[in-house]
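# Observations on the three-dimensional arrangement
Below are the chains, spelled out letter by letter.
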Amino acid sequence: MGFPLRLEAGAAAIGLVVATVLVGFPNPPREVAAAERREEPEGALDRLAGREALSVAEAWGPFVVGLSLLPPAPGPVEVRLKVLGVEAGDALRDARVVGRLDATGPGFETALRPCGTGCFAGQTTIPAEGRWRIEATVSSNRGRIKVATEVPLPAPPAEGEFARAIDAMQALTSVQMEERLQASTDGPVVVSQYRYRAPDAFAFAFEVNDSSRITIGDRNYRREAENGSWKASDAGVPFRWPGSSFRQSRGRGVAVRILGTEEVDGVPSRVVAFVRPDLPAWFRISVGVEDGASDGRSCWPRAMSWSTVTGTSTLH
């Protein structure tokens with residue numbers, strides 16, 4: 001491509017050795033494991049599909065708290081919280097959301113009722129447009145959970161930026177990525193290395209036990225130590241990359257909204273938030289403002305980052 005492409009990846013469903021998903025890449029081990037850990041066959045996040053919504057998340061200790069606003073605009077609003085990382089005996093209770101435009105401006109505050117495992121919901125009225133700071137608190141037997149985020153209200157829809165990002169990722173032919181994840185905000189960082197190459201090749205090195213895996217089409221090759229011998233096996237389901245992998249793994253995002261703008265490696269970019277209810281996982285992607293421009297000046301996502309709450313990945 002002639003220039004580096006940088007992504008950041010993160011995690012949302014805490015509870016494995018590290019948190020959950022590898023973002024922006026097909027069929028990673030942690031994404032499969034995250035999907036298997038869904039707490040409910042139809043959770044609170046599933047209700048976001050097809051609705052005017054914004055959903056973002058932040059981490060607090062071993063918990064991840066997802067905040068959803070329906071619709072993401074001034075006026076009457078449904079507020080929903082989804083807490084991940086909940087264990088038996090945590091006894092989540094007393095959920096509350098407070099919003100402020102600034103120290104002296106208008107605000108709102110509402111208590112939320114339980115609506116399922118780690119789920120709370122309520123109604124409020126957001127009095128004015130602007131960039132709101134919203135704090136959510138929940139009591140638990142492991143201490144008070146408190147997260148905060150800033151969002152614009154109204155939050156503009158971002159389906160166009162999202163589609164351009166997926167199209168650009170779909171055109172990649174090789175990727176090298178370093179992933180750093182944590183199971184909690186104060187926990188150790190787990191580093192992994194990934195390499196993808198078209199057609200249909202994938203390599204993965206996991207720092208924790210020095211194990212490595214290579215998949216080429218329908219064959220797996222694995223070794224359990226840096227100087228160990230490789231063992232071949234049938235992959236079962238053939239690995240395909242890039243194919244339609246990015247569209248399949250990221251294209252199911254809902255509540256796709258613009259959070260604002262930032263510079264990534266000096267390139268003006270729009271920050272887009274979305275959520276995958278089926279994992280569950282929250283994502284933020286920064287897409288260069290002129291990437292994919294109709295005049296052909298920039299067809300590649302020179303400034304793109306994926307991120308959520310407990311980890312990052314750097315793509316070269």
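Now for a look at the structure at hand. (Residues numbered from 1 in each chain as written. Predicted model: local features only at pLDDT ≥ 70, side-chain atom pairs only at ≥ 80, totals over all residues. Heavy atoms only, no water.)

### Overview of the state of the cysteines
Scanning the model with the defined rule gives one disulfide in all. One disulfide in the model links Cys115 with Cys119; its S-S distance is 1.9 Å. Around the S-S axis, the bridge from Cys115 to Cys119 shows a dihedral of about -80° and counts as left-handed. Look at Cys119 and you get buried, because its relative accessible area is 2%. (Disulfide = S-S within 2.5 Å. Buried < 20%, exposed > 50% of the residue type's maximum accessible area, 1.4 Å probe, protein only.)

### Observations regarding the pairing of strand β9 (residues 145–153)
Relative to β9, strand β8 (residues 130–139) runs antiparallel, the two sharing nine bridges. Note on β9: the bridge partner recorded for Ala136 is Val147. Following β8, the chain reverses through five residues before pairing antiparallel with β9; Gly143 in that reversal takes a positive phi of roughly 115°. (Pairing = 2+ DSSP bridges. Helix = DSSP H or I, 4+ residues; strand = E, 2+ residues; numbered from the N terminus.)

### Examining the pairing of β8
By the bridge criterion, six bridges tie strand β4 (residues 93–100) to β8 in an arrangement that is antiparallel. Considered in β8, the bridge of Val97 is made with Ala136.

### Describing unusual backbone geometry
Note the cis peptide between Ala198 and Pro199, where omega equals 0°. Among the structural elements, Pro199 can be located in the loop between β11 (190–197) and β12 (201–206). With an omega of 0°, the peptide bond running from Trp241 to Pro242 counts as cis. Along the polypeptide, Pro242 turns up in the loop between β15 (231–234) and α3 (245–250). Positioned with a positive phi, Asp200 is a non-glycine residue whose angle comes to about 70°. Within the secondary structure layout, Asp200 lies in the loop between β11 and β12. Assessed through its relative accessible area of 18%, Asp200 is described here as buried. Of note, the phi angle at Ala255 is positive, near 55°, even though the residue is not glycine. Checked against the element boundaries, Ala255 lands in strand β16 (residues 254–264).

### Some thoughts on the sheet that holds β4
The strands making up a sheet associate through hydrogen bonds between their backbones, and the pairing can be parallel or antiparallel. Ordered in space as β5-β4-β8-β9, the four strands form an open sheet in which the pairing is antiparallel. Across the chains shown, the open sheet's two edge strands, defined by having one partner strand only, are β5 (107–111) and β9. When the angles between neighbouring strand axes are averaged without regard to direction, this sheet yields 15°. (Axes fitted to C-alpha atoms, helices over the stretch in contact; angles between N-to-C directions.)

Geometric values such as these leave the question of function open.
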